[in-house]
Amino acid sequence: MSKFQYDLSIIIPIYNTEFEFLEKCLESIRDIYLLQFEAILVDHGSQSDYSAALKELVSSETFPLRLIVKENGGQNSARELGLHVSRVRYLLFLDLNITSIPFCSNVLLISQLTLRLRY
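The rules behind the values
- Residues numbered from 1 in each chain as written.
- Predicted model: local features only at pLDDT ≥ 70, side-chain atom pairs only at ≥ 80, totals over all residues.
- Heavy atoms only, no water.
- Helix = DSSP H or I, 4+ residues; strand = E, 2+ residues; numbered from the N terminus.
- Contact = heavy atoms within 4.5 Å.
- Areas by Shrake-Rupley, 256 points an atom, 1.4 Å probe, with all protein chains shown as cover.
- Core = buried A, V, L, I, M, F, W, Y, C linked by side-chain atoms within 4.5 Å.
- Buried < 20%, exposed > 50% of the residue type's maximum accessible area, 1.4 Å probe, protein only.
- Arc of directions from axis to C-beta.
- Pairing = 2+ DSSP bridges.
- Right-handed = clockwise from strand over helix to strand, strands pointing away.
- Axes fitted to C-alpha atoms, helices over the stretch in contact; angles between N-to-C directions.

Caption draft 1: How the structure looks around the overall build of the protein. Summing up its helical and strand segments, the protein has 4 helices and 4 strands in all. For the protein, the α and β elements follow one another from N to C terminus as β-α-β-α-β-α-β-α. Counting only contacts in the protein whose residues sit at least 6 apart along the sequence, the fraction spanning at least 24 positions is 82%. Carbon together with sulfur atoms contributes 52% to the accessible area of the protein, which is approximately 7,200 Å² in total.

See the structure below:
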């Protein structure tokens, strides 16, 4: 049995980001089908009304999605916290302007299978 719960964690730092970008990003993540994955939103210092809306969004999502709220320390500190709480083989750090996640995850899976076949 593997010590990892998922194959991939997608870590997404957010700070008062427009919901339009967040929704497009999450829509892209929903299309992943070849990997067991989770997404981790790390809200680093957004306004309280924004954080409340994020909690509602997370509770209605169809894939494993966690929300971590921390004080503002910048995007890198948000990524580090996401890295710390993930328990996976592979990580993908994602900015909200990227919407080609299924392609990235499927390439990652093919690379993983290729490595297994070689070794």
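Caption draft 2: How the structure looks around the nonpolar core. Ile10, Ile12, Leu22, Ile29 and Leu41 are the most contacted members of the largest nonpolar core, which totals 21 residues. Those elements giving two or more residues to this core turn out to be strand 1 (6–14), helix 1 (19–30), strand 2 (37–44) and helix 2 (48–59). Ignoring anything within four residues of it in the chain, the contact list for Leu41 reads Ile12, Ile14, Leu22, Leu54, Val58, Leu65, Arg66, Leu67 and Ile68.

Caption draft 3: Fine view of helix 3 (residues 75–85). Within helix 3, the full set of buried residues consists of Ala78, Arg79 and Gly82. In a view along the axis of helix 3, the buried residues occupy a sector of 100°, so they form one face of it. Along helix 3, exposed side chains directed more than 90 degrees from the buried face belong to Asn76, Glu80 and His84. Where helix 3 is buried, its residues meet strand 1, strand 2, strand 3 (65–70) and strand 4 (88–93).

Caption draft 4: Representation of the pairing of strand 2. Across the 8 residues of strand 2, 8 count as buried, placing the element largely inside the fold. The two faces of strand 2 match: Phe37, Ala39, Leu41 and Asp43 on one face and Glu38, Ile40, Val42 and His44 on the other face are all buried. Both strand 1 and strand 2 contribute to a ladder of 7 bridges, which runs parallel. In the sheet register, Pro13 faces strand 2, and the bridge partner there is Val42. A crossover connection joins strand 2 to the parallel strand 3 through helix 2; in handedness this β-α-β unit is right-handed.

Caption draft 5: Examining unusual backbone geometry more closely. Although it is not a glycine, Asn16 sits at a positive phi angle of roughly 50°. Looking at where Asn16 falls in the secondary structure, it is placed in the loop between strand 1 and helix 1.

Caption draft 6: Just the sheet that holds strand 4, in detail. Taken together, 4 strands build an open sheet; the order of strands is 3-2-1-4 and the sheet is parallel. Only two strands of the sheet have a single partner each, and these edge strands are strand 3 and strand 4. Neighbour-to-neighbour, the strand axes of this sheet turn through a mean angle of 25°, independent of strand direction. Of the strands in this sheet, strand 1, strand 2 and strand 3 are in contact with helix 2, which crosses strand 3 at around 165°.

By themselves, these figures tell us nothing about what the structure is for.
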